[in-house]
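Examining the three-dimensional arrangement
Read off the chains here:
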Amino acid sequence: MAGWTLTHAGITLGQLTVSLGVAGYVPPLFTPGALVRTADEALYSAKRQGRNRAVASQPLNPEAWLTLAPG
């Protein structure tokens, strides 16, 4: 998939592509830091898959939630 062509004052400036990583937040088992880390992993997965796409993180199983829980 191609990105958007950027132009200004009739001059083509280049292409714009967007990659997104999406994660869900499940408090209190999922900390804010774990949320950011999971979304970041999904972002880099999108980039590895060719960029210009959105990737949602995989749902965690309950055992994984417990390892991310504070305290």
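All of the points below concern the structure found in this document. Remember, it's a predicted structure, so these values are computed and weren't measured experimentally.

Some points on the environment of T5
Tracing the sequence through the fold places T5 in strand 1 (residues 4–8). Every residue in contact with T5, bar those within four places of it in the chain, is listed here: T12, G14 and Q15. A polar atom in the side chain of T5 sits 2.8 Å from the side chain of Q15.

Some points on helix 1 (residues 32–48)
Under the 1.5 Å per step criterion, the end-to-end length of helix 1 is 24 Å for 17 residues, consistent within 8% with the ideal 24 Å. Taken residue by residue, helix 1 has A34, T38, A42, L43, S45 and A46 as its buried positions. Backbone geometry just downstream of helix 1 places G50 in the positive-phi region, at approximately 120°.

Rules used throughout
Residues numbered from 1 in each chain as written. Predicted model: local features only at pLDDT ≥ 70, side-chain atom pairs only at ≥ 80, totals over all residues. Heavy atoms only, no water. Helix = DSSP H or I, 4+ residues; strand = E, 2+ residues; numbered from the N terminus. Contact = heavy atoms within 4.5 Å. Polar contact = N/O pair within 3.5 Å; in protein donor to acceptor, adjacent residues only side chain to side chain. Expected span 1.5 Å × (residues − 1). Buried < 20%, exposed > 50% of the residue type's maximum accessible area, 1.4 Å probe, protein only.

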